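Overview (structure and organization)
What follows is each chain in one-letter form.
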Amino acid sequence: MIHKQLKDFPKDFLWGASTSAYQVEGANLIDGKGPSCQDVKEIPEGTSDLTVCADHYHHYAQDIALMAEMGFKTYRFSIAWTRLIPEGTGAINPLGVEFYNNLINECLKHNIEPLVTMFHFDMPAALDNRGSWSNPESVDWFVNFAKVMYENFGDRVKYWLTINEQNMLTLVGPVIGTLHVPDGCTNLMKEIYQQNHHMLVAQAKAMALCHEMIPGAKIGPAPNISLVYSASCKPEDTLAAQNANALRSWLYLDMAVYGVYNNLVWSFLEENDACPTFAPGDEEALKSGHPDFIGFNYYNTSTVKWTDGNTQLTGNQDQQTTRGETGFFEGVDNPNLLKTEFGWEIDPMGFRATVREMYSRYRLPMIVTENGLGAYDKLTEDGKVHDNYRIEYLRKHIEQVQLAISDGCEMMGYCPWSAIDLISTHEGMVKRYGFIFVDREEFDLKTLKRYRKDSFYWYKKVIATNGNDLTD
Ligand code: BG6
């Protein structure tokens, strides 16, 4: 659709940016924090561990002041389960409560709305030892964690996100360092989708509890959603794209919004003897969630073709590179798209297409909880970072958000990844995303001093003009 006149961004649009606790905070085992699965995982070779990260734990006030200088309306961060409840269940860590109280109060002091992710890839190690999400008790563990957060922070936090990228936890858990495989497991797919089922039930219960405990609060899921294209106009490739979209995205949103399993995914699981077992009460619990909005991360689309089930699928798969599922779909490169330095395709127009599709399926307001460009930024001798490539990337994506709004889609906000440089899920500190540069290298902590990148000044102007001026 070509619009003669674009609609403005809503007046109360939540401009901001995102981080996650285990990637930004550091201080991973101090002041009473227990280890999470991220602290005990095997760190990918050549990348930093998570002991210091951006040291946000000790610099949060300075960091939030910088976000305020950019004009942030919201800051999306996550609460580390093990900082609050070191063993995952049981005793609460008072210093953990204090830290998040300080962080939240600091945001509010600057009129920044806290947008809190409850779980961002960091299962307590103590609960990993008890089976992680494969243990049916994990539902209660998570709901208890949610209750502790609502009790301690619900008087000030009005926007909540449940589980970050549950679809990536399920599809690429080993890359992120979260997959827990119990001894004696003989059907890995069944195991993974049982864990996924427990997360879905936990999420639905946490959403219902939020509405019960915090009147007026809003809560939503935060999967990674992006359209999967068909490699050609061959009918069989279209079927493959439908399969991939269902397995990658609609499973999670059909469940969060309607409380039912996507039929294509359920058939696929049946074919693989991998259907999850429902505990008594699960069916009702899944239907009781009712999100107020959809949070979603978008980096790029993917493309697939038909597979007859005889091709053995090999090769890399991370959050953004789709390899496929034998007999269901096979991932291919999209020759129409450029790639980032780290090999992720760049597709701003696919962003608009994704938003349009989501809105027509779910009719809920949406907030972008991640979007951004990982790059090898360089600090110049005079303390500058000329990241025009990031400005270009973000500008093209924000343009598409406005087009989607003009298409009639309801958008609440935009929070790119990331507010400040932090450690990537598996590609270290060198893969930077922030508006704020942190002076450290992969293994040399240097000064940890903060520098404003060129994108910092640009985003400040974008926010000040409510998205009307995207020039640099
Ligand atoms: C998302 C995650 O998958 O993408 C973030 O929610 C992550 O935690 C971001 O950092 C970028 O991915 P990566 O692998 O470049 O760190």
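See the structure printed just above.
Notes on the structure follow. For clarity, every value in this text was computed on a predicted model and none was experimentally measured. (Residues numbered from 1 in each chain as written. Predicted model: local features only at pLDDT ≥ 70, side-chain atom pairs only at ≥ 80, totals over all residues. Heavy atoms only, no water.)

Remarks on the pairing of strand 11 (residues 366-370)
Rule in force here: To sort residues, take the accessible area from a 1.4 Å probe on protein chains only and compare it with the maximum for the residue type: under 20% means buried, over 50% means exposed, and anything in between is partly exposed. Helix and strand assignments come from DSSP, with helices taken as H or I runs of at least 4 residues and strands as E runs of at least 2, each series counted from the N terminus. When DSSP finds two or more bridges between a pair of strands, those strands are recorded as paired. Convention used here: a crossover is right-handed provided that the path from the first strand, over the helix, to the second strand proceeds clockwise when the strands point away from the viewer.
Within strand 11, 5 of the 5 residues are buried, which leaves it mostly tucked inside the rest of the structure. In this sheet, strand 11 lies alongside strand 7 (residues 294-297) in parallel orientation, the contact comprising 4 bridges. Directly across from N297, in strand 11, lies its bridge partner E370. Handedness of the crossover joining strand 11 and strand 12 (residues 411-414) through helix 14 (residues 388-406) is recorded here as right-handed.

A closer look at the packing of aromatic side chains
We apply this condition: Stacked, tilted and edge-to-face pairs are distinguished by plane angle, under 30 degrees for stacked and over 60 for edge-to-face with tilted covering the rest, among Phe, Tyr and Trp rings (Trp via its six-membered ring) whose centres lie within 6.5 Å.
Under the counting rule described, the total for this entry stands at 37 aromatic pairs. Geometrically, the ring pair formed by F435 and Y459 is stacked, given 4.5 Å between the ring centres and 5° between the ring planes. Taken as a pair, F435 in the loop between strand 12 and strand 13 (436-438) and Y459 in helix 15 (residues 454-464) lie far apart in primary sequence, 24 residues in all. Here F435 and Y459 have matching classes, each one buried. Geometrically, the ring pair formed by F456 and Y457 is edge-to-face, given 5.5 Å between the ring centres and 70° between the ring planes. For F456, a relative accessible area of 0% puts it in the buried group. For Y457, a relative accessible area of 46% gives the class partly exposed.

Comments concerning the nonpolar core
Note on soluble globular proteins: their nonpolar side chains tend to be buried together. Under the convention used in this document: In plain words, nonpolar cores are sets of buried Ala, Val, Leu, Ile, Met, Phe, Trp, Tyr and Cys residues tied together by side-chain atoms within 4.5 Å. Contacts were defined at the residue level, with two residues in contact if any of their heavy atoms lie within 4.5 Å.
Within the largest apolar cluster, 138 residues are counted, with the highest numbers of intra-cluster contacts made by F142, Y150, F153, W160, F296, Y414 and Y459. F153 has contacts with I79, L84, V97, Y100, N101, I104 and W160, leaving out every residue within four places of it along the chain. Ranked by size, the runner-up nonpolar core spans 9 residues in total, among them Y159, F293, I367 and M412.

Description of helix 7 (residues 138-153)
Side chains that are three or four residues apart share a direction in an α-helix, a result of its 3.6 residues per turn. As a reminder of what qualifies: To estimate the expected span of a helix, subtract one from its residue number and multiply by 1.5 Å.
Between its terminal C-alpha atoms helix 7 stretches 22 Å, which fits the 22 Å expected from 16 residues at 1.5 Å a residue. Listing the buried residues of helix 7 in full gives S138, V139, W141, F142, V143, F145, A146, V148, M149, Y150 and F153.

Observations regarding the side chain of E106
Within the secondary structure, E106 is located in helix 5 (residues 94-109). Sequence-distant contacts of E106, that is, excluding residues within four places in its chain, are made with Y60, A61 and I64.

Points about the site of the ligand
To keep things clear, this is the line we draw: A cutoff of 4 Å decides nearness: a residue is near a molecule or strand if any of its heavy atoms lies inside that distance of it. Surface accessibility in these figures is a Shrake-Rupley result with a 1.4 Å probe; residues are shielded only by whichever protein chains are displayed. Residue polarity follows a fixed list, in which Ala, Val, Leu, Ile, Met, Phe, Trp, Tyr, Cys and Pro are nonpolar, Asp, Glu, Lys and Arg are charged, and the others, Gly among them, are polar.
Close to the ligand lie 16 residues; Q23, E165, T425, K431 and Y433 are nearest. Contact with the protein chains removes 100% of the 380 Å² of surface that the ligand exposes when unbound. Partitioned by chemical class, the residues of the shell around the ligand number 5 nonpolar, 8 polar and 3 charged.

Describing the sheet that holds strand 10 (residues 329-332)
Strands sit in the order 6-8-10-9 across an open sheet of 4 strands; the sheet is mixed. Since the sheet does not close on itself, it has two edges, and those belong to strand 6 (228-230) and strand 9 (324-325), each with one partner. For strand 8 (residues 302-305) and strand 10, the ladder comprises 3 bridges, and the chain directions are antiparallel. Among the inter-strand pairings, K305 is bridged to a residue of strand 10, identified as E330.

Description of the sheet that holds strand 5 (residues 218-222)
Here is the rule we go by: Between the N-to-C directions of two axes lies an angle of 0 to 180 degrees, each axis being a line fitted to C-alpha atoms and, for a helix, fitted only over the stretch in contact.
Strand order in the open sheet formed by 8 strands is 5-4-3-2-1-12-11-7, and the pairing between neighbours is parallel. Edge strands, defined here as strands with exactly one partner in the open sheet, are strand 5 and strand 7. Adjacent strand axes in the sheet meet at a mean angle of 30° when their direction is disregarded. Pairing geometry for strand 3 (residues 113-119) and strand 4 (residues 159-164), over 4 bridges, is parallel. Its bridge partner lying in strand 4, L115 is registered against Y159.

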